[in-house]
Structure formats: C-alpha cells, structure tokens
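# Architecture at a glance
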Amino acid sequence: MSTSRRTVRTTALSIAALLVAAVAFCALSDPKGSGASPDSLKAWLSEGWQDWSAGAWRSKPGEFYNPTIKGHWGSGRMSDSSDPDRLMANDVSGMKVSDPVPRPVQAVAAAPPYHSTVPVVGKVFFDSPNGPMVCSGTAVQDPAAPGRSNLVWTAGHCVHKGARGGWFRNIVFVPSYNNEGLSGAGGAEAPLDRVAPFGTWWADWAETAPQWISEGSSAGGDGYPFDFAVLHVRPAAGTTSLEEAIGAAAPVRFDVPAADTLTTTSVWGYPAVKPFGGETMFSCQDRPGRLSVSRNKPTMYRIGCTMTGGSSGGGWFAPGPGGSMSLVSNTSIGSKAHTWLAGPPFGKQAKKVYRTVSNRFAATKTGGL
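In this text, all values refer to a predicted model and were calculated from it rather than measured experimentally. (Residues numbered from 1 in each chain as written. Predicted model: local features only at pLDDT ≥ 70, side-chain atom pairs only at ≥ 80, totals over all residues. Heavy atoms only, no water.)

All right, on to the overall build of the protein chain then. Each helix and strand in the protein chain was counted, giving 8 helices and 16 strands. When the 369 residues of the protein chain are sorted by exposure, 58% land in the buried category. The long-range fraction of contacts in the protein chain, counting pairs at least 24 apart against all pairs at least 6 apart in sequence, stands at 77%. Carbon and sulfur atoms make up 53% of the accessible area of the protein chain, which amounts to about 14,200 Å² in all. (Helix = DSSP H or I, 4+ residues; strand = E, 2+ residues; numbered from the N terminus. Buried < 20%, exposed > 50% of the residue type's maximum accessible area, 1.4 Å probe, protein only. Contact = heavy atoms within 4.5 Å. Areas by Shrake-Rupley, 256 points an atom, 1.4 Å probe, with all protein chains shown as cover.)

Attention shifts here to the pairing of strand S4 (residues 131-140). Along S4, 9 of the 10 residues are buried, which leaves the element largely enclosed by surrounding structure. In the sheet, strand S3 (residues 121-128) pairs with S4 via 8 bridges, with the strands oriented antiparallel. Among the inter-strand pairings, Phe125 is bridged to a residue of S4, identified as Val134. In this antiparallel pair of consecutive strands, S3 and S4, the connection spans 2 residues. The pairing of S4 with strand S5 (residues 151-154) spans 3 bridges and is antiparallel. The residue bridging Ala139 from the neighbouring strand is Val152, located in S5. (Pairing = 2+ DSSP bridges.)

Moving on: the packing of aromatic side chains. In this structure the tally under the stated criterion is 19 aromatic pairs. Between the aromatic rings of Trp73 and Phe125, the centroid separation amounts to 5.5 Å while the plane-to-plane angle is 40°, which identifies the pairing as tilted. Of this pair, Trp73 sits in the loop between helix H2 (38-46) and helix H3 (75-79) while Phe125 sits in strand S3, placing them 52 residues apart in sequence. Under the relative-accessibility criterion, Trp73 is labelled buried at 4%. Their ring planes at 85° and their centres at 6.2 Å tell us that Tyr114 and Tyr270 sit as a pair that is edge-to-face. (Phe/Tyr/Trp six-rings, centres within 6.5 Å; stacked < 30°, edge-to-face > 60°.)

With antiparallel pairing, the 6 strands of this closed barrel are ordered in space as S3-S4-S5-S8-S7-S6. For this sheet, the mean angle separating the axes of adjacent strands, direction not counted, is 40°. Relative to strand S8 (residues 229-233), S5 runs antiparallel, the two sharing 4 bridges. Note that in S8 the partner of Leu151 across the bridge is His232. This element, helix H8 (residues 348-360), spans S4, S5, strand S7 (201-208) and S8 of the sheet and lies at about 135° to S7. (Axes fitted to C-alpha atoms, helices over the stretch in contact; angles between N-to-C directions.)

In short, geometric facts, not functional conclusions.
Structure, rendered in structure tokens:
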C-alpha cells in the first residue's frame, strides 16, 4: 500500500488534534539528585564521561547518570551524529508466527513546520563508545502529571547498549528538530535555535526493560521484543514542562492489540542513512503484520517502509477502540534491504517501564520538593 503526502499530512493533523494542551508547572532540574560528589561531578563533566572502560561504564538498572554538559550539543555535532543501525535479513518469515515479508512502502517527507503537524516527534542524541549517535523519539503523556509531562518514548538500544554494554551518555531530546524542514539545516553553520527551536532537553533519568539490558544486542534476537525505553527530561530553565513547551504529548496504549486488528499504523522518524540525510522528518503508513525474532518472546509488529537507520525509536501510532490515535510501538529493527521496519508491542513490561519513570518524579509534579 503506497502512502501519499495527503494521507501522511491528514494522519499527522489527526494525531496533533488529539494530543492535550498543557498548564503551568515548575520543578527542580534534578529532583532525585545524582549522588555524585562535587569533585567527581567536575571530573565527569571535563573528561570523565569519555571513559568507556568496563569499570567506568554503568550498566545495571538504576545506574543511569546524565548530568548536563553546557554547550555539548551544538548544531554541527548533532548533524555529525550517526545511527545505531539494527538490521536483519529481509526474509525471516520462517520464525514462529511471522507473516510474509511486506512489500516496501515509500517513506514520505513530513510537511513542515513539524510543530504544526506532529509536534510530539523529535530526535534523540547520545554519546556512545563509537561517538555521537542519533535516534528518534516521541513526547508522551505522564499519568502523574496531566498536561505537564516531561516523558519521552524511544527505543531501548538508544539509551542502553544491551548485553555486554551499559547506559549511553549525554542523552538529549530535541522536539521538532529542524522544524522548517530545510535540507542540510543541521550543518555546522546552522544556528542552534533553527535546528532546535523548542530547546535541547537533557534526560535526567532513563528506564528500559531488564530483558533488553540482559539480552539486547546489535545482532538481533531475544532482546528486540523489549526494545523500548522511557526518558524523563529536565524542564527547560526549571520553569516549564516539555508538554507545555511544545503544546502536546501523545497517549500510550498498553493493551497489546493484535496486528490483525490494526487496520493502519503510521510510523514517524528521522532516517539518517542514504538516501536520507537525517535532517528531515519522514513517515510511512501501512497495515502491520507479525514478526517473530524468537520462539519464546512476544511477537513484534512489522510494516513495509523504506526508512533507514536514525528512525530507531520513532513512534508508531494506531487508532484505538474510540478512534483516537495512540502510541502502540516504536521502531526497533529494519531489514538490510531497507524495505521494512519492526517494533515491539507495548504490554505489561512496557507499562512497568513507563510507570517506573513516572512514579520516580511524581513528588515534584504537584509543586513539591
């Protein structure tokens, strides 16, 4: 099923119209505290974050550490970030309950300004042992802070390397990245306020599934049905929430709808591998099928789509029982031929990750602390 620009724009406007507006909110920038001494924090900010040795790389749940480094993410560094590609053979239909390989759906450029069409979508930047990396992400609602959420949904492999690795560093979310949709807008000469018109939001916490931490890998396999993560970002200048700043946040659905019950799914992201450049937003729309990457793990969703690496973590939207659009998955893996994308279903484990982040910061959401 091919996707027209009119269809993509209509779907985008439907998503935007169904997302809630925000109200005033004020919170501390680091309500839980890092637990680091002033000396160790100073060392981290200067050069310590670049130490990726086994003894220095935090890897366990609850060990996430991401203090703000002022000026770290300029427009040139953002533009130079690469993608954490996760690719599989094109045909894996022999596994468990996988459906036939879907035919490719050509990705269509989103209509700028992005803030008017899909304000909840943006880019996630982070540092890894291999240098600066980039993914996509979605601002989502917070059940503990209606109208004033600071939560962002992305892929697990965009925050944690998985087995034999640890938490990535200097993770930020940039909503409506390159809002004007200008080709090459993220170049070294571009002003940061053009590339990040709604600011650069540093994560002060991240959670992913324990299954991703213990089983995730770049080769695919058992970890991918749990390849999701939730970030909590610091309020801009300590005076407002992400949802207030962009005027929207997406609802999340955790009832794991079967693939054959979803008539359509729209997937958003910033593909960065050729023929795409990573600077502009794209979307695919298709009816999802099923993909099994392991016989003993949940079955993933799969659609035809030509988006490439960099779109990882981008949101998958589908209509709920009442017709409203909700987030039901995120991009996790794609084919080596760049003909399809797959994402994990949001079930009990995804809901637990989501609630854990929400509850961690609940004390600050009514003006406490």
